[in-house]
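Observations on chain architecture
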Amino acid sequence: MAIDRSGEIATNLEAVRDQISKAASIAGRALDEITLIAVTKTFPASDVEILRDLGVTDFGENRDADAAPKAAAVAGTWHFQGQIQSNKLKSITSWANVIHSLDEIRHFELIEKTAPHPLDIFCQVSLDGSAGRGGINEKKLYELAQVIEKSATHRLLGLMAVAPLGVDPLDAFSKLSVIHRAFMADFPGADKLSAGMSGDFKEAIAYGATHIRIGSSILGSR
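Now for a look at the structure at hand. These numbers were taken from a predicted model, which means no experiment stands behind them.

Here we look at the pairing of strand E2 (residues 58–61)
On E2, burial covers both faces: Asp 58 and Gly 60 on one face and Phe 59 and Glu 61 on the other are all buried. Relative to E2, strand E1 (residues 35–39) runs parallel, the two being bridged by two bridges. By the bridge assignment for E2, Ala 38 is matched with Phe 59. Read from E1 through helix H2 (residues 45–53) to E2, the crossover connection turns out right-handed. One ladder, built from four bridges, connects E2 with strand E3 (residues 77–80); its direction is parallel. Paired with Asp 58 across the two strands is Thr 77, which belongs to E3. Between the parallel pair E2 and E3, the chain is carried across by helix H3 (residues 64–73), and the sense of this crossover is right-handed.

This is the structure:
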């Protein structure tokens, strides 16, 4: 007999939570330091409702058009983690509570003008200097962070990064950890680290990730 969708998601979620717990234990970290963001992009609002009923409160989306109706339908903390387009920011800031992928000052200036509520913001840093997967280089990172810090409305939460393709996640997140420690010397309140997805969240936890973004391991392949 085929397992129903709710049962499938519950089984996957339990397995992921168990892996998070084990990874945190191995790293000598408290489980409550780590926020699980269920990445619901391309999946229907009915799946988000199942996750909510299973106790998930944080949901991640990459595309504004897909996310807006789901965020309107299901209460929770909504995270935008896709590459930012200027013409989408007004809509994104209407439903998102957290932005993970800010990598340009001009986009923050638009957020200041259009966001209807305060946002928590991660600066996305590029770990290999390429623009393909988004992210600001280290040289410009501090300039962007200083602009956010001056805001009376929005809060700089920390850094986000995606492990570059073809790079060992342990090497990528080790580098990110070094960048983040140096960053916190100037921005001590920005102590959160958004890193790790379905394929590499255990490595990210080992190097200090506080927010992990997991989709396919919970909801299946797209």
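Resuming the write-up.
Here we look at the packing of aromatic side chains
As enumerated under the stated definition, the model contains six aromatic pairs in all. When the centroid spacing of 6.2 Å and the interplanar angle of 75 degrees are considered together, the rings of Phe 80 and Trp 95 count as edge-to-face. Residue Phe 80 is found in strand E3, and its partner Trp 95 is found in helix H4 (residues 89–95); the two are separated by 15 residues along the sequence. Assigned by exposure class, Phe 80 and Trp 95 land together as buried. Taken together, the aromatic side chains of Phe 59, Trp 78, Phe 80 and Trp 95 make up a single cluster linked through ring pairs.

Some words on H3
For an α-helix, 3.6 residues make a turn, and residues three or four places apart therefore share a direction. For H3, the complete set of buried residues consists of Asp 64, Ala 67, Lys 70 and Ala 71. Here the buried residues of H3 occupy an arc of 135 degrees about the axis, which is enough to place them on one side. Exposed side chains of H3 directed beyond 90 degrees from the buried face belong to Ala 65 and Ala 72. Where H3 is buried, its residues meet H2, E2, E3 and H4.

Topic: the pattern of salt bridges
Considering all chains together, one arrives at nine salt bridges under this definition. For Arg 29, the salt bridge is made with Glu 33, and the minimal N-O distance between the two is 2.9 Å. With a relative accessible area of 15%, Arg 29 lands in the buried category. Glu 33 sits in the partly exposed class, given a relative accessible area of 39%. A salt bridge links Arg 52 to Asp 53; its shortest N-O distance comes to 3.3 Å. The exposed category is assigned to Asp 53, whose relative accessible area is 60%. Ionic contacts of the salt-bridge type, sharing partners, join the residues Arg 5, Glu 8 and Asp 47 into one network.

Definitions and cut-offs
Residues numbered from 1 in each chain as written. Predicted model: local features only at pLDDT ≥ 70, side-chain atom pairs only at ≥ 80, totals over all residues. Heavy atoms only, no water. Buried < 20%, exposed > 50% of the residue type's maximum accessible area, 1.4 Å probe, protein only. Helix = DSSP H or I, 4+ residues; strand = E, 2+ residues; numbered from the N terminus. Pairing = 2+ DSSP bridges. Right-handed = clockwise from strand over helix to strand, strands pointing away. Phe/Tyr/Trp six-rings, centres within 6.5 Å; stacked < 30°, edge-to-face > 60°. Arc of directions from axis to C-beta. Contact = heavy atoms within 4.5 Å. Salt bridge = Lys/Arg side-chain N within 4 Å of Asp/Glu carboxyl O.

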